[in-house]
Amino acid sequence: MAKTQLNVRVEEATAETARERASQRGISVNRYIEELVQQDEGENGRAFVQAAADFMERYEQVFAEEFDSPDEGVR
């Protein structure tokens, strides 16, 4: 996958924390930031899937009544 350069400005304390955390994990600051973004992306995906599951559980009967024909039998 192609890499691109991204320049960001953060408070010095934030930069120092990023350097320390990356060092503790034995990775570069670039890799540390990349992993944080990927983790955040994964959490958003899990939150979406959970919200969709909650929605379907809550409204399953409504959909069944609206779209299932009476002669289809049990699924």
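In what follows, the structure referred to is the one given above.
In this report, the structure presented in the accompanying data block is examined. Treat the numbers as computed from the prediction; the structure is a model and nothing was measured. (Residues numbered from 1 in each chain as written. Predicted model: local features only at pLDDT ≥ 70, side-chain atom pairs only at ≥ 80, totals over all residues. Heavy atoms only, no water.)

The next point concerns the packing of aromatic side chains. Under the counting rule described, the total for this entry stands at one aromatic pair. Judged by centre distance (4.9 Å) and plane angle (40°), the ring pair of Phe55 and Tyr59 falls under tilted. One end of the pair is Phe55 and the other is Tyr59, both in helix H2 (residues 29-67) and four residues apart, which spans about a single turn. Look at Phe55 and you get partly exposed, because its relative accessible area is 41%. (Phe/Tyr/Trp six-rings, centres within 6.5 Å; stacked < 30°, edge-to-face > 60°. Helix = DSSP H or I, 4+ residues; strand = E, 2+ residues; numbered from the N terminus. Buried < 20%, exposed > 50% of the residue type's maximum accessible area, 1.4 Å probe, protein only.)

Here we come to the pattern of salt bridges. Any two side chains of opposite charge can pair if their charged atoms end up close together. In the structure shown here, the tally under the stated rule is six salt bridges. Between Glu12 and Arg19 there is a salt bridge, and its shortest N-O distance comes to 3.2 Å. A relative accessible area of 39% places Arg19 in the partly exposed class. The salt bridge partner of Arg25 is Glu35, with a shortest N-O separation of 2.6 Å. (Salt bridge = Lys/Arg side-chain N within 4 Å of Asp/Glu carboxyl O.)

This part covers the layout of surface pockets. Empty space among the atoms becomes visible once a probe the size of a water molecule is rolled across them. By volume, the largest pocket amounts to about 800 Å³. As for the largest pocket, its lining consists of 19 residues, of which Leu6, Val29, Asn30, Ile33 and Glu34 are closest to the centre. Those elements that provide at least two residues to the lining of the largest pocket are helix H1 (12-25) and H2. (1 Å grid on protein atoms, 1.4 Å probe; cavity = no way out; pocket = protein on both sides within 12 Å on 5 of 7 lines; lining within 4 Å. Points joined across faces, edges and corners; volume = space filled by probe spheres on them.)

In this section: a nonpolar patch on the surface. Taken together, the side chains of Phe55, Met56, Tyr59, Val62, Phe63 and Phe67 define a hydrophobic patch exposed on the protein surface, amounting to about 580 Å² of accessible area. Within the element layout of this structure, Phe67 appears in helix H2. (Patch = residues over 30% accessible without salt bridge, like charges linked within 9 Å, V, L, I, M, F, W, Y side chains within 5 Å. Areas by Shrake-Rupley, 256 points an atom, 1.4 Å probe, with all protein chains shown as cover.)

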